[in-house]
Protein chains: 2
Amino acid sequence: MSNTMKASLPVIRRLPRYYRYITELKNNGTTRISSSQLAHIMGSTPSQVRQDFNCFGGFGQQGVGYSVELLHSEIEKLLFPEGRLRAVLLGAGNLGITIGNFVLKESTGVELVAVFDSDNAIIGNKLFGMEIMAFDELVSFCQNEHVDIIIACTTKEAAESLAPHIVETGVKGIWNYSHFDFSINDESLIVENVHLRDSLMALSYRVSHKECPHMQE
Amino acid sequence: MSNTMKASLPVIRRLPRYYRYITELKNNGTTRISSSQLAHIMGSTPSQVRQDFNCFGGFGQQGVGYSVELLHSEIEKLLFPEGRLRAVLLGAGNLGITIGNFVLKESTGVELVAVFDSDNAIIGNKLFGMEIMAFDELVSFCQNEHVDIIIACTTKEAAESLAPHIVETGVKGIWNYSHFDFSINDESLIVENVHLRDSLMALSYRVSHKECPHMQE
DNA sequence: AACTGTTTGATAATACTTTCACAAAATTTG
DNA sequence: CAAATTTTGTGAAAGTATTATCAAACAGTT
């Protein structure tokens, strides 16, 4: 116990899925699970399950398996170590409203604290019980209100024009739905892209070239 | 010219981004680009650009570089070789409407041909100019109307109950927004997951553990 | 028409991820 | 209470993906 190797990105990406299934198991009343059972559920291998958990110190017990309860709480601590993250939404259009709703209703670890838009016609309107603010107010708001992440649901152009000010806001991450790629290596700023168009195109390619790799995503 | 090695998933995932930037270059009036210029734009390396394009036969010219026009049309052919794919939307809720809108307005390679939902209160209503159909009609519709992909924007439960019928529909792929993992190894059926919650959690982890890998997504 | 500088395509080297294999630890059984 | 069984943790091997290297190909120049 205590192999302090750093988690790689593939491991981090699997963590939420572990969390999803383990939460389900916990709600089912399952108290224990082995790496092979979990691998079966996850569609991976027992080795990978053990290797993955070992990145974080390995919370299993030899000969016994893993305690569902412990796994759940440990992974939760990994995903949300400092309580809920404070997020602001940029762009109150169709997509922005949907994502905002999603964060409010379906996300336990993130709370939405403000909404911004560039459209004067809707600035000042209420959305999710908050007054929509103008983009000019973004930097000072983030600085004063300790915002952790920006959720970018704007057009490519809006995102591009906001990009130079992002560092000033002091946020640590961007959940990016815009077609703009925030400068990929700003160090200290983590960008998680959700490029819907790219995802759909990748599907299109794979569907059209069926002999494609059998790798699971 | 003609190194027929198969494209790996990471390469396929980069294709849409190449396409995005190359479309931009084309619209800018740029006619030629070198692997190093393109790598700079993409945030990758010249080696990777050349390696990637070589998976598809390599459409550059030594000493000269790549023709933007040619690149654009070749990648387009790779992404959408058989014209537009026919898609149906499952779930006409908040998310479904947003994604449906996105496909209709922002996607060139995919067309939306029908919408389904389980809620009797909205079945029969018009959405995007189409009448919302019941889930029971899904299989026969897909069989008769040659549907290529299903866009799943339903609840986990709805997706789970539909899963056993998916094979019957004869679709080739699923663009999955539901919290349900369609059985990962159905062979012949390609699933592209857009797990918003997982993506947000991964961001949360990375933001909270800033010493995390500097790998670009 | 030869020379120079550039840039690809292909192969080799490096780095990263996943899988394998087995010793150590715990439980169960005779 | 020892032997058999289970199952983790870990280090090594195998498999992928990325980056570096370099010869061959082309354009432009004198």
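Note that the structure is a prediction, hence the values are computed from the model and not measured. (Residues numbered from 1 in each chain as written. Chains lettered and ligands numbered in written order. Predicted model: local features only at pLDDT ≥ 70, side-chain atom pairs only at ≥ 80, totals over all residues. Heavy atoms only, no water.)

With respect to the domain arrangement of chain A
Going by this rule: Where each domain begins and ends follows an automated or database-derived domain assignment.
The domains assigned to chain A are domain 1 (4–79) and domain 2 (85–198). For domain 1 of chain A versus domain 2 of chain A, the separation of C-alpha centres amounts to 31 Å.

Considering the interface of chain B and chain A
Put simply, the test is: Contacts were defined at the residue level, with two residues in contact if any of their heavy atoms lie within 4.5 Å. Two parts placed together each lose some accessible area; with a 1.4 Å probe, that loss summed over both constitutes the buried area. Just to be clear on terms, a salt bridge is a Lys or Arg side-chain nitrogen sitting within 4 Å of an Asp or Glu carboxyl oxygen. Polar contact is the term for a pair of N or O atoms within 3.5 Å; when the atoms are in protein, one must be able to donate a hydrogen and the other to accept it, and sequence-neighboring residues count only if both atoms are side-chain atoms. A run of H or I in DSSP becomes a helix once it reaches four residues, and a run of E becomes a strand once it reaches two; helices and strands are each numbered from the N terminus. Residues are sorted three ways: Asp, Glu, Lys and Arg are charged, Ala, Val, Leu, Ile, Met, Phe, Trp, Tyr, Cys and Pro are nonpolar, and all the rest, Gly among them, are polar.
Taken together, the 73 residues of chain B in the interface contact 72 residues of chain A. Buried surface at the junction of chain B and chain A, summed over both partners, amounts to about 6800 Å²; 63% is from carbon and sulfur atoms. Counting across the interface, chain B meets chain A through twelve salt bridges. For the pair chain B and chain A, the interface holds 25 residue pairs in polar contact (both at pLDDT 80 or more). Listing elements by their share of the side of chain B that touches chain A, those giving two or more residues are helix 1 (9–28), helix 4 (68–79), helix 5 (94–106), strand 10 (173–176), strand 11 (190–193) and helix 8 (196–208) of chain B. Broken down by element, the side of chain B that touches chain A gets its largest block of residues, 13 residues, from helix 8 of chain B. Residues belonging to the side of chain B that touches chain A are distributed by class as follows: 37 nonpolar, 18 polar and 18 charged.

Side note on the sheet that holds strand 2 (residues 60–61) of chain A
Residues and elements named next belong to chain A. The condition that has to hold: DSSP bridges decide pairing: two strands pair if at least two such bridges lie between them.
Strand order across the open sheet formed by three strands is 1-3-2, with antiparallel pairing between neighbours. Looking at strand neighbours, the two that pair on one side only are strand 1 (32–33) and strand 2, the edges of this open sheet. By the bridge criterion, two bridges tie strand 2 to strand 3 (residues 65–67) in an arrangement that is antiparallel. Across the sheet, Gln-61 pairs through a bridge with Gly-65, a residue of strand 3.

Overview of the protein's contact with DNA strand C
Which entries qualify depends on this criterion: We call a residue near a given molecule or strand whenever any one of its heavy atoms falls within 4 Å of it.
As a matter of local geometry, DNA strand C sits amid 27 residues, with Ser-47, Gln-51 and Gln-62 of chain A together with Ser-35 and Gln-62 of chain B nearest to it. What you see for DNA strand C is that sugar and phosphate hold 63% of its atoms within 4 Å of the protein. Gln-62 of chain A is positioned with one of its side-chain polar atoms (N or O) 2.2 Å from a sugar or linking oxygen of DNA strand C. Here a phosphate oxygen of DNA strand C sits 3.0 Å away from a polar atom, N or O, in the side chain of Asn-54 of chain B. Of all elements in the fold, only helix 1 (9–28) and helix 3 (46–54) of chain A together with helix 3 (46–54), strand 2 (60–61) and strand 3 (65–67) of chain B reach the threshold of two or more residues within the surface near DNA strand C. If you tally residues by element for the surface near DNA strand C, the top one is helix 3 of chain A, at four residues. Here the surface near DNA strand C is built from residues that sort into six nonpolar, 18 polar and three charged.

Let's talk about helix 7 (residues 156–169) of chain B
All names here are of chain B. The line we're drawing: In a helix, the anticipated span is given by 1.5 Å times the number of residues less one. Two axes enter the definition of the bend at a residue: one is fitted to the seven residues ending there, the other to the seven starting there, and the bend is the angle between them. Each residue's exposure class comes from its accessible area (1.4 Å probe, protein chains only) as a fraction of the maximum for that residue type: buried when under 20%, exposed when over 50%, partly exposed otherwise.
With 14 residues, helix 7 should reach 20 Å at 1.5 Å per residue; the first-to-last C-alpha distance of 19 Å fits that figure. The principal kink in helix 7, of about 50 degrees, is found at Ala-163, preceding the proline Pro-164 by one to four residues. Looking at helix 7, one finds that the buried residues are Ala-158, Ala-159, Leu-162, Ile-166 and Thr-169. Close packing links the buried residues of helix 7 with strand 4 (85–90), helix 6 (138–145), strand 9 (149–152) and strand 10.

Thoughts on the protein's contact with DNA strand D
The immediate surroundings of DNA strand D are formed by 29 residues, with Ser-35 and Gln-62 of chain A together with Ser-47, Gln-51 and Gln-62 of chain B found nearest. The side chain of Arg-14 of chain B places a nitrogen or oxygen atom 3.0 Å from a phosphate oxygen of DNA strand D. Within the side chain of Gln-48 of chain B, one N or O atom sits 3.4 Å away from a sugar or linking oxygen of DNA strand D. The set of elements that each furnish at least two residues to the surface near DNA strand D consists of helix 3, strand 2 and strand 3 of chain A together with helix 1 and helix 3 of chain B. Across the surface near DNA strand D, the residue classes break down as seven nonpolar, 19 polar and three charged.

Describing the relation of the copies chain B and chain A
We apply this condition: Copy-to-copy alignment: least squares on C-alpha atoms, limited to residues at pLDDT 70 or above in both.
Turning chain B through 180 degrees and shifting it by 0.0 Å along the axis lays it on chain A, with an RMSD of 0.0 Å. In the structure described here, the two chain copies are related by an operation that fits a two-fold rotation axis. For chain B, the smallest separation between a C-alpha atom and the rotation axis is recorded for Thr-98 of chain B, amounting to 3.5 Å. Same-surface contact between copies: 99% of interface residues of chain B are shared with the interface of chain A.

Digging into the pattern of salt bridges
A complete count under the given rule lists 24 salt bridges over all chains for this structure. Its salt-bridge partner being Arg-13 of chain B, residue Glu-192 of chain B comes within 2.9 Å of it at the nearest N-O pair. Residue Glu-192 of chain B is located in strand 11, and its partner Arg-13 of chain B is located in helix 1; the two are separated by 179 residues in the primary sequence. Residues joined in a network through salt bridges with shared partners are Arg-17 and Arg-20 of chain A together with Asp-181 and Asp-198 of chain B.

Points about the sheet that holds strand 9 of chain B
Residues and elements named next belong to chain B. This is how it is decided: A fitted line through C-alpha atoms represents every axis, and for helices the fit uses only the stretch in contact; the resulting angles, taken between N-to-C directions, go from 0 to 180 degrees.
If you trace the six strands from one edge of the open sheet to the other, you get 8-5-4-9-10-11, paired in parallel fashion. Each end of this open sheet is capped by a strand with a single partner; those strands are strand 8 (133–134) and strand 11. Summarising the sheet, strand 9 and strand 10 pair through four bridges and their orientation is parallel. Opposite Ile-149, over in strand 10, you have Gly-173 as the bridge partner. Relative to the sheet, helix 5 contacts strand 4, strand 5 (110–117), strand 9 and strand 10, its axis offset from that of strand 5 by approximately 160 degrees.

Here's the deal with the packing of aromatic side chains
As a reminder of what qualifies: Centre distance within 6.5 Å is the pairing criterion for rings of Phe, Tyr and Trp, where only the six-membered ring of Trp is used; planes under 30 degrees apart are then read as stacked, over 60 as edge-to-face, and the remainder as tilted.
Using the criterion set out here, one finds 16 aromatic pairs over all chains in the structure. With centroids separated by 6.1 Å and ring planes inclined at 70 degrees, the aromatic side chains of Phe-56 of chain A and Tyr-205 of chain B adopt a geometry described as edge-to-face. Of the two residues, Phe-56 of chain A is situated in the loop between helix 3 and strand 2 and Tyr-205 of chain B in helix 8; the pairing between them involves two chains. The buried category is assigned to Phe-56 of chain A, whose relative accessible area is 19%. Since its relative accessible area comes to 6%, Tyr-205 of chain B is described here as buried. Aromatic pair Phe-116 of chain B and Phe-141 of chain B: ring centres 5.7 Å apart, planes at 75 degrees, arrangement edge-to-face.

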